[in-house]
Amino acid sequence: MADRTGTRTTARRRSRPFRTGAALVLPLLLAGAAAPQEGASQAPRPSVPEQVTAELRAAHEARTQLTKEREEWAFEQQRLQLLASVVRSEAERFQALAEKARREETDLRTRTEDLTAAKRRLEHVEAMIDSLAERLEKAMEALAAKSLPGLVPPDTAAAITEPDKRLAADARRLDDLRRRTARADIELIVGTLSGRTVTVRLLRAGAVAAWWMTLDGKQTGAAAVESGKVILSPSKTPDEKAAIRKAFAIADGHAAPDWVLLPVHQSRTE
């Protein structure tokens, strides 16, 4: 019993692999039998290794393309960053230039305002100088009209338009007048003698008095200004005539300096 039982058990265990193998072989046979019929209408499908190889190749190409795109993006990102840095630098530079230009504009506006104010002050001063020069010229002309000939220098500022140069010319004229009033000069003038117009030599002692002598030296006398004209008065005595002649000789350098008593006639004005 024991032996039979053991034999049967062994036989039963051996029969299981056979049945399993038979079960696997049957679908394969059916698949083999059906394969020619499917192949007649469709292309043969790639094998599993081929599919795996194709998928690996596609994955590799995808990774390569992704790597390339990442590298290109990294390069583009660096380029954009560099461009952004350049743009920021240029923007900062232009901003600094704009700020400098604003400061220069403010300084220029301030200087322009200062120059405009200075120009207005200069114009005001020039107007004052011009007015002063005109008043001085009028006063000199009025003095010349009632003074002895040769006392007031001629006007040299008539053709000058610049106020400062005009006033400077008038100042030189006034200084020349001051020097003439402090010295004696001899002038050749035209005067009125007894209703006649004659040319005589005039010895002027500054602006105080003047004496005259004809060109031939025969007549002498004192001179005075009346109504803008030189009136010649003849000497009253021989002593006056001799004194006047001696004064002319001293002034001309023909006689040694000496004290001379001359008749004085004050200049009269109207």
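Residues numbered from 1 in each chain as written. Predicted model: local features only at pLDDT ≥ 70, side-chain atom pairs only at ≥ 80, totals over all residues. Heavy atoms only, no water.

## Considerations on the layout of surface pockets
Its volume calculated, the largest pocket comes out at about 210 Å³. Taken together, Ala184, Leu203, Ala205, Trp211, Ala247, Ile250, Ala251, Pro257, Asp258, Val260, Leu262 and Val264 form the lining of the largest pocket. Breaking the lining of the largest pocket down by element, the ones donating at least two residues are strand S2 (196-205) and helix H4 (238-252). Tallying contributions element by element places H4 first for the lining of the largest pocket, with three residues. The residue makeup of the lining of the largest pocket, split by class, is eleven nonpolar, no polar and one charged. (1 Å grid on protein atoms, 1.4 Å probe; cavity = no way out; pocket = protein on both sides within 12 Å on 5 of 7 lines; lining within 4 Å. Points joined across faces, edges and corners; volume = space filled by probe spheres on them. Helix = DSSP H or I, 4+ residues; strand = E, 2+ residues; numbered from the N terminus. Nonpolar A, V, L, I, M, F, W, Y, C, P; charged D, E, K, R; others polar.)

## Observations regarding the pattern of salt bridges
Under the criterion given, the structure shown has 18 salt bridges. Residue Asp175 is joined to Arg179 by a salt bridge in which the shortest nitrogen-to-oxygen separation is 2.4 Å. Taken together, the residues Asp175 and Arg179, both in helix H3 (residues 163-181) and four residues apart, mark about one turn of the helix. Arg179 gets classed as partly exposed once you look at its relative accessible area, which sits at 38%. Across the pair Lys246 and Asp258 runs a salt bridge whose closest N-O atoms are separated by 2.8 Å. Placement of Lys246 in helix H4 and of Asp258 in the segment after H4 is noted, with a sequence separation of twelve residues between them. Residue Asp258 is classed as partly exposed on the basis of its relative accessible area of 45%. Through salt bridges that share partners, Asp175, Asp176, Arg178, Arg179 and Arg180 make up one connected network. (Salt bridge = Lys/Arg side-chain N within 4 Å of Asp/Glu carboxyl O. Buried < 20%, exposed > 50% of the residue type's maximum accessible area, 1.4 Å probe, protein only.)

## Some thoughts on the pairing of strand S3 (residues 209-214)
In terms of burial, S3 is largely enclosed, as six of its six residues are buried. Two elements, S2 and S3, share six bridges in a ladder whose sense is antiparallel. The residue bridging Leu203 from the neighbouring strand is Trp211, located in S3. Taken together, S2 and the strand that follows it, S3, pair antiparallel across an intervening segment of three residues, in which Gly206 is found at a positive phi of about 65 degrees. Strand direction decides the pairing type here: S3 and strand S4 (residues 220-226), joined by four bridges, are antiparallel. For Ala210, the partnering residue across the bridge sits in S4 and is Ala223. Between S3 and the antiparallel strand that follows it, S4, lie five residues; Gly217 among them carries a positive phi value of about 80 degrees. (Pairing = 2+ DSSP bridges.)

## Describing the nonpolar core
Core analysis: the biggest nonpolar cluster contains twelve residues, these being Leu148, Ile189, Leu193, Val198, Val200, Leu202, Ala210, Trp212, Ala223, Val225, Val230 and Leu232. Elements represented by at least two residues in this core include exactly strand S1 (184-193), S2, S3, S4 and strand S5 (229-234). Top contributing element to this core by residue count: S2, with three residues. Those residues within four positions of Val198 in sequence are excluded, and the remaining contacts are Ile189, Val190, Gly191, Leu193 and Leu232. Counting ten residues, the second-largest nonpolar core is a separate cluster that includes Ala243, Ile244, Ala247 and Phe248. (Core = buried A, V, L, I, M, F, W, Y, C linked by side-chain atoms within 4.5 Å. Contact = heavy atoms within 4.5 Å.)

## Topic: the pairing of S1
By the bridge criterion, ten bridges tie S1 to S2 in an arrangement that is antiparallel. When the bridges of S2 are listed, Ala184 appears paired with Ala205. What sits between the antiparallel neighbours S1 and S2 is a turn of two residues, in which Ser194 has the positive phi angle 55 degrees.

## As for the confidence of the model for the chain
Looking at the chain as a whole, the pLDDT averages 81, with 82% of positions reaching at least 70. No element of the chain has a lower mean pLDDT than helix H1 (residues 2-39), which averages 43, and none a higher one than helix H2 (residues 48-145), which averages 91. A low-confidence stretch, residues 1-40 (pLDDT under 50), is modelled with zero contacts involving residues beyond four sequence positions or located in other chains. (pLDDT = per-residue confidence, 0-100.)

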